[in-house]
Amino acid sequence: MDLSLSTETVGDRTVVRVGGEIDVYTAPKLREQLVELVNDGSYHLVVDMEGVDFLDSTGLGVLVGGLKRVRAHEGSLRLVCNQERILKIFRITGLTKVFPIHTSVEDAVQATD
Amino acid sequence: MATVELLFSALPEHVRTARLVAAAVARRAGVDEAVLDEVRLAVGEACSRAVGLHVSHGIGSPVRVVLTEDEKKFSIEVADDAPHAVVVEATAGARAGSVGAGSGAAVPAAEEGAEGEDDMGLAVISGLVDDVEVSADETGGHIRMSWPTTPAPALS
């Protein structure tokens, strides 16, 4: 399965819905999307990973890169994920401490810390 | 002898194929369904790393994946042909509870010019797989991983 991406603006947040597999082949597309959003001035991103079937370290690298970019503009990057197999990858890499991970898009959009 | 051996051109688009093949062979070998996600992820990480090494060194040879089933375990070996300046060796048992332990103790980062993603791939592997061994010399590198199998019920 390939990667699917769509974006939606909710208030001052931009929600990026990701579907399919994020791996060494498809991750560059996600990177391009995040870079484009930041270049266009979207600094508060919510990446909805509920439709993601597979995520590897290349994908993690892209998300960390996205976080770095938005932080350069005092922005934020929040994740939405309830899938145990995806959450496990964030846990074993210690990235649960780096990304705010929410259970729903609504929750992520409203979060302000 | 290997149960299944796979050679693929060092291109990112073929890593998914390697994941699918490894998961299919692992399932048939009797690896627990709950562990198949780990097998898929670990072999994907190892293959992505090998592809990256071949690409960055301009190596035209294929990446090699050897899947071996025996009575009690299912093993995967991913081999690359990239020259490694420093020997990297890590043996298992090192189930890393966190990335700190995984990347720090079990898998020293010794790739020349290594990118963070490469280290992260190894950290993921060492965090996921109990039995893993990483070795490398001037002729190439190997990542060997294995998982226990449960005896399959007799099928007609």
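Residues numbered from 1 in each chain as written. Chains lettered and ligands numbered in written order. Predicted model: local features only at pLDDT ≥ 70, side-chain atom pairs only at ≥ 80, totals over all residues. Heavy atoms only, no water.

- Chain B appears in an unreviewed UniProt entry as ATP-binding protein from Streptomyces morookaense.

- By the naming in an unreviewed UniProt entry, chain A goes by Anti-sigma factor antagonist and is assigned to Streptomyces cinnamoneus.
- Heading Sequence similarities (unreviewed entry) of the UniProt record for chain A holds this comment: "Belongs to the anti-sigma-factor antagonist family."
- A UniProt comment under Function (unreviewed entry) is attached to chain A, and it reads "Positive regulator of sigma-B activity. Non-phosphorylated RsbV binds to RsbW, preventing its association with sigma-B. When phosphorylated, releases RsbW, which is then free to complex with and inactivate sigma-B." (UniProt positions renumbered as here; feature names shortened; annotations may be inferred.)

1. Some words on the overall build of chain A
- Helices and strands together make up the secondary structure of chain A, namely 4 helices and 5 strands.
- Helices and strands in chain A line up, N terminus first, as β-β-α-β-α-β-α-β-α.
- When each of the 113 residues of chain A is scored for burial, the buried share is 54%.
- Long-range pairs, those at least 24 residues apart, make up 66% of the contacts in chain A with a sequence separation of at least 6.
- A total accessible area of about 5,100 Å² is found for chain A, and carbon and sulfur atoms account for 48% of it. (Helix = DSSP H or I, 4+ residues; strand = E, 2+ residues; numbered from the N terminus. Buried < 20%, exposed > 50% of the residue type's maximum accessible area, 1.4 Å probe, protein only. Contact = heavy atoms within 4.5 Å. Areas by Shrake-Rupley, 256 points an atom, 1.4 Å probe, with all protein chains shown as cover.)

2. Here's the deal with the pattern of salt bridges
- This structure, assessed with the given rule, holds 16 salt bridges over all chains.
- Here E21(A) and R19(B) are joined by a salt bridge, their closest N and O atoms 2.9 Å apart. Linking E21(A) in strand 2 (residues 13-22) with R19(B) in helix 1 (residues 15-29), this pair reaches from one chain into another. By the burial criterion, E21(A) is buried, and R19(B) matches it.
- Taken together, the shared-partner salt bridges in this structure form one network comprising E21(A), D23(A), R16(B) and R19(B). (Salt bridge = Lys/Arg side-chain N within 4 Å of Asp/Glu carboxyl O.)

3. Brief notes about the interface of chain A and chain B
- Listed per partner, the contact involves 20 residues of chain A and 19 residues of chain B.
- For the pair chain A and chain B, the summed buried area comes to about 1,800 Å², and 59% of that belongs to carbon and sulfur atoms.
- Summed over the shared surface of chain A and chain B, the result is 5 salt bridges.
- Taken together, chain A and chain B are joined by 6 residue pairs in polar contact (both at pLDDT 80 or more). (Buried area = accessible area lost by both parts, 1.4 Å probe. Polar contact = N/O pair within 3.5 Å; in protein donor to acceptor, adjacent residues only side chain to side chain.)

4. Considerations on the nonpolar core
- Counting 67 residues, the largest nonpolar core has M49(A), F90(A), F74(B), I76(B) and M145(B) as its most contacted members.
- In terms of nonpolar packing, the next biggest core, distinct from the first, is built from 6 residues, V15(A), V46(A), A108(A) and V109(A) among them. (Core = buried A, V, L, I, M, F, W, Y, C linked by side-chain atoms within 4.5 Å.)

5. Here's the deal with the sheet that holds strand 5 (residues 140-148) of chain B
Residue and element names in this part refer to chain B.
- Strand order in the open sheet made by the 5 strands is 1-2-3-5-4, with antiparallel pairing throughout. In the strand order of this sheet, the two ends are held by strand 1 (4-8) and strand 4 (131-137), each with one partner. Each strand axis lies, on average, 10° off the axis of its neighbour in the sheet, ignoring direction.
- Running at roughly 15° to strand 3 (residues 73-80), helix 2 (residues 33-57) makes contact with strand 1, strand 2 (63-69), strand 3 and strand 5 of the sheet. (Pairing = 2+ DSSP bridges. Axes fitted to C-alpha atoms, helices over the stretch in contact; angles between N-to-C directions.)

6. What about the packing of helix 1 (residues 27-39) of chain A against helix 2 (residues 57-71) of chain A?
All names here are of chain A.
- Here helix 1 crosses helix 2 at 10°, and the two axes come no closer than 9 Å. The orientation of helix 1 with respect to helix 2, classified from their angle, is roughly parallel. Of helix 2, the residues touching helix 1 (which contributes A27, L30, R31, L34, V35 and V38) are T58, G59, V62, L63, G66, R69 and V70. (Parallel < 35°, antiparallel > 145°, perpendicular 65-115°, else oblique.)

7. Some thoughts on the packing of aromatic side chains
Residue and element names in this part refer to chain A.
- Using the criterion set out here, one finds 1 aromatic pair over all chains in the structure.
- Plain terms: the ring middles of F90 and F99 are 6.0 Å apart, the flat faces sit at 85° to each other, and that makes the pair edge-to-face.
- Accessibility expressed as a relative area gives 1% for F90, which makes it buried.
- The ring of Y25 has K29 sitting right over it, with the charged end atom 5.8 Å from the ring centre. (Phe/Tyr/Trp six-rings, centres within 6.5 Å; stacked < 30°, edge-to-face > 60°. Lys NZ or Arg CZ within 6 Å of the ring centre and 35° of its normal.)

8. Brief notes about helix 1 of chain B
- With 15 residues, helix 1 of chain B extends 21 Å between its outermost C-alpha atoms, agreeing within 8% with the 21 Å of an ideal straight helix rising 1.5 Å per residue.
- Listed in full, the buried residues belonging to helix 1 of chain B are V15(B), A18(B), R19(B), A22(B), A23(B), V25(B), A26(B) and A29(B).
- On its buried face, helix 1 of chain B is in contact with strand 2 and strand 3 (44-55) of chain A together with strand 1, helix 2, strand 2 and strand 3 of chain B.
- Two residues or fewer after helix 1 of chain B comes G30(B), characterised by a positive phi angle close to 100°. (Expected span 1.5 Å × (residues − 1).)

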